Amino acid sequence: VGKDAVIKKLTFENVNINCPSLNNVGACAGKVTSPATLSGITVASGTITGGSNVGGIIGLSEYPNTLSNSKNCTAVSGKDYVAGLVGRSNAGGTETYSTCKNHGDITASSGCAAGIVGSIDGNVTFKNCLNEGKISAYKNAGGLVSSATYNVKITKSVNSGDVTSQTLNAGGLIGYDNTQAALTI
């Protein structure tokens, strides 16, 4: 995805990505390396399997992005950093997830998993987000985010899916809160 990209109103159907040894896997983008705004993205059906950094929409985000009015309805699986929308964000800036939904089951065999973002290293706001999928991880399983660092703000967001971890940390909203600043719910 190029610099200052705007991606709107895309629907992916019958997605079949089966790359268990490949990192940075997503239906819309495997890796985002510059600012982007995504809105109205739907991953409607299929399955997505990858290694690490696996998301229904984006595998790895290396730059702060805004994602709104988007949803994943597919099963997403991988080793580590697996989520319904963004597998992992190590952007370090401020990200916003607004009216984002995950309905698919999310599985991480050796690491963390979540409904919206697998792991985020930066400031983040979740507003009107929903997870209804089953979240299963080896460690750090969360309904919205598996592990978070820095400022996290969650408003009007819900998890109604089962969340399980084999070894460490499971939470309805956040699996592991490593915030070095503020957590606001």
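Since the model is a prediction, treat every value here as computed from it, not as a measurement.

K.L.:
Looking at this structure, I do not really get the packing of aromatic side chains. What am I missing?
P.N.:
For any pair of aromatic rings, the description rests on two quantities: the centre-to-centre distance and the angle between the ring planes. Inspection of the entire model under this criterion finds one aromatic pair. Measuring from ring centre to ring centre gives 5.5 Å for Y97 and F126, while their planes differ by 20°; the resulting arrangement is stacked. With a gap of 29 residues between them, Y97 in strand β13 (residues 94–102) and F126 in strand β17 (residues 123–127) connect regions that are remote in the sequence. Accessibility classification places Y97 together with F126 in one group, the buried group. It is R88 that lies over the ring of Y81; its NZ or CZ is 4.1 Å from the centre.

K.L.:
What am I meant to see in the sheet that holds strand β20 (residues 145–149) here?
P.N.:
Across a sheet, paired strands are connected by hydrogen bonds in the backbone, their directions being either parallel or antiparallel. With parallel pairing, six strands are arranged side by side in an open sheet as β4-β8-β12-β16-β20-β24. In this open sheet, the two strands that pair with only one neighbour each are β4 (29–32) and β24 (174–178). Each strand of the sheet is rotated relative to its neighbour by a mean of 10°, with strand direction disregarded. One ladder, built from four bridges, connects strand β16 (residues 117–121) with β20; its direction is parallel. The partner of S119 across the bridge, within β20, is S147.

K.L.:
Explain the nonpolar core to me, please; I cannot follow it from the model alone.
P.N.:
Taken as a class, soluble globular proteins show a tendency for nonpolar side chains to be buried jointly. With 41 residues, the main nonpolar core has L38, I48, Y97, I116, V117 and F126 as its most contacted residues. Considering every element that reaches this core, the biggest residue donor is strand β5 (residues 36–43), with four residues. Sequence-distant contacts of F126, that is, excluding residues within four places in its chain, are made with Y97, I116, V117, L144, V145, K153, I154, T155 and S157.

Rules used in this analysis
Residues numbered from 1 in each chain as written. Predicted model: local features only at pLDDT ≥ 70, side-chain atom pairs only at ≥ 80, totals over all residues. Heavy atoms only, no water. Phe/Tyr/Trp six-rings, centres within 6.5 Å; stacked < 30°, edge-to-face > 60°. Helix = DSSP H or I, 4+ residues; strand = E, 2+ residues; numbered from the N terminus. Buried < 20%, exposed > 50% of the residue type's maximum accessible area, 1.4 Å probe, protein only. Lys NZ or Arg CZ within 6 Å of the ring centre and 35° of its normal. Pairing = 2+ DSSP bridges. Axes fitted to C-alpha atoms, helices over the stretch in contact; angles between N-to-C directions. Core = buried A, V, L, I, M, F, W, Y, C linked by side-chain atoms within 4.5 Å. Contact = heavy atoms within 4.5 Å.

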